[in-house]
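Notes for the structure review
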Amino acid sequence: MKKVKGLGMNIFRKHQIVINIIFDDNYGFKESVIKKIIRKTINLTLSELNDDYKKKYEVNILLAQNEQMKKINRKYRKIDKVTNVLSFPQGEIMSKLGKEKLLLGDIVLSLDKLRNEAEDQSKKFNNHLTHIIMHGFMHLLGFDHENEKEAKVMEEKEKDILLKLSIDDPYI
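Because the structure is a prediction, the values reported are computed rather than measured. (Residues numbered from 1 in each chain as written. Predicted model: local features only at pLDDT ≥ 70, side-chain atom pairs only at ≥ 80, totals over all residues. Heavy atoms only, no water.)

What to know about the packing of helix α1 (residues 31–49) against helix α4 (residues 125–140)
Remark: α1 packs on α4, axes separated minimally by 9 Å, with the N-to-C direction vectors making an angle of 45°. As judged from the angle between their axes, α1 and α4 are oblique. For the crossing formed where α1 meets α4, the hand is right-handed. Contacts between α1 and α4 involve Ile34, Ile37, Ile38, Thr41, Ile42, Thr45, Leu46 and Leu49 on the former and, on the latter, Phe125, Asn126, Leu129, Thr130, Ile133, Met134, Phe137 and Met138. (Axes fitted to C-alpha atoms, helices over the stretch in contact; angles between N-to-C directions. Helix = DSSP H or I, 4+ residues; strand = E, 2+ residues; numbered from the N terminus. Parallel < 35°, antiparallel > 145°, perpendicular 65-115°, else oblique. Left-handed = near helix turned anticlockwise from the far one by under 90°. Contact = heavy atoms within 4.5 Å.)

What about the confidence of the model for the protein chain?
Residues of the protein chain with pLDDT of at least 70 account for 83%, and the chain-wide mean is 87. Long-range and interchain partners of residues 1–13, a stretch whose pLDDT sits below 50, account for 21 contacts in this model, where long-range means more than four residues apart. (pLDDT = per-residue confidence, 0-100.)

What to know about the nonpolar core
Counting 28 residues, the largest nonpolar core has Ile17, Ile34, Ile38, Ile42, Leu109 and Phe137 as the members making the most contacts within it. Every element with two or more residues in this core is listed here: β3 (16–23), α1, β4 (56–63), β7 (101–109), α3 (111–120) and α4. Tallying contributions element by element places α4 first for this core, with 6 residues. If we ignore the near neighbours within four places in the chain, the residues touching leucine 109 are Ile61, Leu62, Leu63, Ala64, Met69, Asn84, Val85, Leu114, Ile132 and Ile133. Of all hydrophobic cores here, the second largest spans 8 residues; its members include Met138, Met154, Leu162 and Ile167. (Core = buried A, V, L, I, M, F, W, Y, C linked by side-chain atoms within 4.5 Å. Buried < 20%, exposed > 50% of the residue type's maximum accessible area, 1.4 Å probe, protein only.)

Pasting the structure below:
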């Protein structure tokens, strides 16, 4: 959230965003905890990267099983393996939901893949989940890492936001 000064007091401005979360499988995680991490991460990321508080946004998140993630990855990226996150930004024309909301797109996450990565990389699961949610959401906001310059910009922004959450640099 951005801090706005006015009349000698601090006011926190918050974006209006609808976050639709669907669990295909929770892999033994508490759904309420996962939802809280998702909402906190998306709200903070949007606040840090977008100053348009007048718009209302919407994003869909599917927490998929590994087999479903593999099928989606194969269908849309022609890569026949499980990945931790896939993002599907909506085009400008398709994104308008009436005049009320702007649909940013869809994010698909594999909790099982993320848990395995966190263990393999000796990271805290919640920190790794936060980073990957942020990474996927930034793709919906137009960030990418197709070349070195884009990757550097995206990584620096991720690290800056993660630092606000007291999460270490995930790229070390």
